[in-house]
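Chain residues, written in single-letter form:
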Amino acid sequence: MLQERLDGAAAIELAAELSKLPCDGTVVLDGSRVTHFGALALQVVLSAGKTFLSGGGTIRCVDLPDRAASHLAAMGIDGEKLMEVVDDA
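Remember, predicted model here, so these are calculated numbers, not experimental data. (Residues numbered from 1 in each chain as written. Predicted model: local features only at pLDDT ≥ 70, side-chain atom pairs only at ≥ 80, totals over all residues. Heavy atoms only, no water.)

### Comments concerning helix α2 (residues 39-54)
Between its first and last C-alpha atoms α2 spans 23 Å; for 16 residues at 1.5 Å apiece the expected length is 22 Å, and the two agree. The set of residues buried in α2 consists of Ala41, Leu42, Val44, Val45, Ala48, Gly49 and Phe52. Buried residues of α2, seen end-on, are gathered within an arc of 160° and therefore sit on one face of the element. Among the exposed residues of α2, those pointing more than 90 degrees away from its buried face are Ala39, Gln43 and Ser54. In the stretch just after α2, Gly56 is the one whose phi turns positive, near 90°. (Helix = DSSP H or I, 4+ residues; strand = E, 2+ residues; numbered from the N terminus. Expected span 1.5 Å × (residues − 1). Buried < 20%, exposed > 50% of the residue type's maximum accessible area, 1.4 Å probe, protein only. Arc of directions from axis to C-beta.)

### A look at the pairing of strand β4 (residues 58-62)
The alternating pattern of β4 places Ile59 and Cys61 on a buried face and Thr58, Arg60 and Val62 on a face that is not buried. Note that strand β2 (residues 26-30) and β4 share 5 bridges and pair parallel. Counterpart to Val27 in the pairing with β4 is Ile59. (Pairing = 2+ DSSP bridges.)

### Side note on the pattern of salt bridges
The full count for this structure, using the stated rule, is 2 salt bridges. The residue Arg5 makes a salt bridge to Asp7 at a minimum N-O spacing of 3.7 Å. With a relative accessible area of 47%, Arg5 lands in the partly exposed category. A salt bridge links Glu17 to Lys20; the nearest nitrogen and oxygen atoms lie 3.4 Å apart. The class for Glu17 is partly exposed, based on a relative accessible area of 46%. (Salt bridge = Lys/Arg side-chain N within 4 Å of Asp/Glu carboxyl O.)

### Quick look at the nonpolar core
The nonpolar side chains of soluble globular proteins are, as a tendency, buried together. Residues Leu18, Leu29 and Phe37 are the most contacted members of the largest nonpolar core, which totals 23 residues. If one sorts the elements of this core by residue count, α2 sits on top with 6 residues. Apart from residues no more than four positions distant in its own chain, Leu18 is found in contact with Val27, Leu29, Val44, Ala48, Phe52 and Ile59. (Core = buried A, V, L, I, M, F, W, Y, C linked by side-chain atoms within 4.5 Å. Contact = heavy atoms within 4.5 Å.)

### Some remarks on the packing of helix α1 (residues 8-19) against α2
The geometry of α1 relative to α2 is characterised by a closest axis approach of 8 Å and an angle of 15° between their N-to-C directions. One finds that α1 runs roughly parallel with respect to α2. As for how α1 packs across α2, the hand of that crossing is right-handed. On α2, the residues touching Gly8, Ala11, Leu14, Ala15 and Leu18 of α1 are Leu40, Ala41, Val44, Val45, Ala48 and Phe52. Looking at the contact of α1 with α2, its residues break down into 10 nonpolar, 1 polar and no charged. (Axes fitted to C-alpha atoms, helices over the stretch in contact; angles between N-to-C directions. Parallel < 35°, antiparallel > 145°, perpendicular 65-115°, else oblique. Left-handed = near helix turned anticlockwise from the far one by under 90°. Nonpolar A, V, L, I, M, F, W, Y, C, P; charged D, E, K, R; others polar.)

See below:
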């Protein structure tokens, strides 16, 4: 489960946690508690998504509340299609 506030400090923790996981599996990030989705956290999730794809795995972010999705929208990302951005890069 993702932290409530995905700011810079949380992004660093998230990056450390994701780096411990095998890249050939499926990881589902539960975003149901997220109230703030910052740019650095977005960068971490997108980077991890690319890493997982190159390793044959997948990573998805699900159940983002409207407020968190609006933060992503302000950065040009559709919260519903967050990981599709990784596939297209």
